[in-house]
Amino acid sequence: TEIYTLSLHDALPICLALDKENKSALLDRASAYGEMGRTEEALTDVAEALRIDPSLTEAYERRALLLLKAERYADAIIAYDEALAHNPERAQSYESRARARLRTGHPVDAISDLTYAIELDPTSAHTYYNRGNVYRDQSDLEKAIADFRQAVSLDASLCGGWYQLGLALAEL
């Protein structure tokens, strides 16, 4: 956290003193606060960046990620809905919203998000891996195996994919 403390106390205040409406500095400070576990301060900076520029797609993403990291899953889902309204082609947002949906007990919705993320970016081994895990948790072993196979075919170094594939095949 030393690097975040340095940026919060040295660099970012100078940037914001020179330009109180520096959206980039506000989002950078929000990221630093988030890494330090200071979620409310981070969210305040994101809100200020959005007040300055309501079309700032990155700020919606940042707010959703902060809420997800803070384990405020229901709030994160709402924030990802808003982020996706501003950038509906961002596969990573669907994948992240799926994580929040899983944490709130909605695996079917998570699978839908992961499936759409795959449609947007069919080269993401991690998305196949994540969807395979949800399928496996739902006892849909054939779909899980297909996803784990696809994940390791896209990234042979994805050790978790190989491990999960082996487990699913053993369970079949």
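Keep in mind that this is a model prediction, so the values were computed, not measured. (Residues numbered from 1 in each chain as written. Predicted model: local features only at pLDDT ≥ 70, side-chain atom pairs only at ≥ 80, totals over all residues. Heavy atoms only, no water.)

### Some words on the environment of Glu58
Rules: Only DSSP runs of H or I covering at least 4 residues are called helices, and only runs of E covering at least 2 are called strands; the numbering of each starts at the N terminus. For every residue, the accessible area (1.4 Å probe, protein chains only) is compared with the maximum for its type, and the residue is labelled buried under 20%, exposed over 50%, or partly exposed between those bounds.
By the secondary structure assignment, Glu58 is in helix H4 (residues 57-69). Given the relative accessible area of 42%, Glu58 is considered partly exposed.

### With respect to the side chain of Ser124
As a reminder of what qualifies: Think of a polar contact as two N or O atoms within 3.5 Å of one another; within protein, one of them needs to be a possible hydrogen donor and the other a possible acceptor, and neighboring residues in sequence only count if both atoms come from side chains. Only heavy atoms enter the contact rule, under which two residues are in contact if any of them lie within 4.5 Å.
Relative to the assigned elements, Ser124 resides in the loop between helix H7 (107-120) and helix H8 (125-137). Classification of Ser124 as buried rests on a relative accessible area of 16%. Separated by 2.7 Å, the side chains of Ser124 and Thr127 make a polar contact. Ignoring any residue separated from it by four or fewer positions in sequence, one finds Ser124 in contact with Glu95 and Leu154.

### Regarding helix H10 (residues 159-171)
Structural remark: α-helix, 3.6 residues per turn; residues separated by three or four positions point the same way. This is how the line gets drawn: What a helix is expected to span follows from its residue count: subtract one and scale by 1.5 Å. Arc, as used here, means the arc of the directions from the helix axis to the C-beta atoms.
Look at H10: 19 Å from first C-alpha to last across 13 residues, which is about the 18 Å you get at 1.5 Å a residue. Residues of H10 that are buried include every one of Gly161, Gln164, Leu165 and Ala168, and no others. Down the axis of H10, the buried side of the element spans an arc of 105°, and every buried residue falls inside it. Across from the buried face of H10, at angles greater than 90 degrees, the exposed residues are Cys159, Tyr163 and Ala170. Buried-residue contacts for H10 involve H8 and helix H9 (141-154).

### Brief notes about H9
In this model H9 runs 20 Å from its N-terminal to its C-terminal C-alpha over 14 residues, within 8% of the 20 Å that 1.5 Å per residue would give. Every buried residue of H9 is listed here: Leu141, Ala144, Ile145, Asp147, Phe148, Ala151 and Val152. Relative to the axis of H9, the buried residues are bounded by an arc of 165° and lie together on one face. Structural note: H9 exposes Glu142 and Ser153 on the side pointing more than 90 degrees away from its buried face. Residues of H9 that are buried make contact with H8 and H10.

### Notes on the environment of Asp113
Take Asp113: it is sitting in helix H7. Separated by 19 residues in the primary sequence, Asp113 and Tyr94 place their C-alpha atoms 5.1 Å from one another. Contact partners of Asp113, with chain neighbours within four places excluded, come to Tyr94, Arg97, Ala98 and Arg101.

### Things to note about the pattern of salt bridges
Rule in force here: Salt bridge criterion: a side-chain nitrogen from Lys or Arg within 4 Å of a carboxyl oxygen from Asp or Glu.
Applying the stated criterion across every chain yields a total of 17 salt bridges. A salt bridge links Asp53 to Lys23, with the nearest nitrogen and oxygen atoms 3.2 Å apart. Here Lys23 lies in helix H2 (residues 23-35) and Asp53 lies in the loop between helix H3 (39-52) and H4, a separation of 30 residues in the sequence. Judged by relative accessible area, which is 18%, Asp53 ranks as buried. Assessed through its relative accessible area of 29%, Lys23 is described here as partly exposed. One salt bridge connects Asp75 with Arg72, and the closest N-O pair in it is separated by 3.4 Å. Put simply, Asp81, Arg97, Arg101 and Asp113 are held in one network by salt bridges that share partners.

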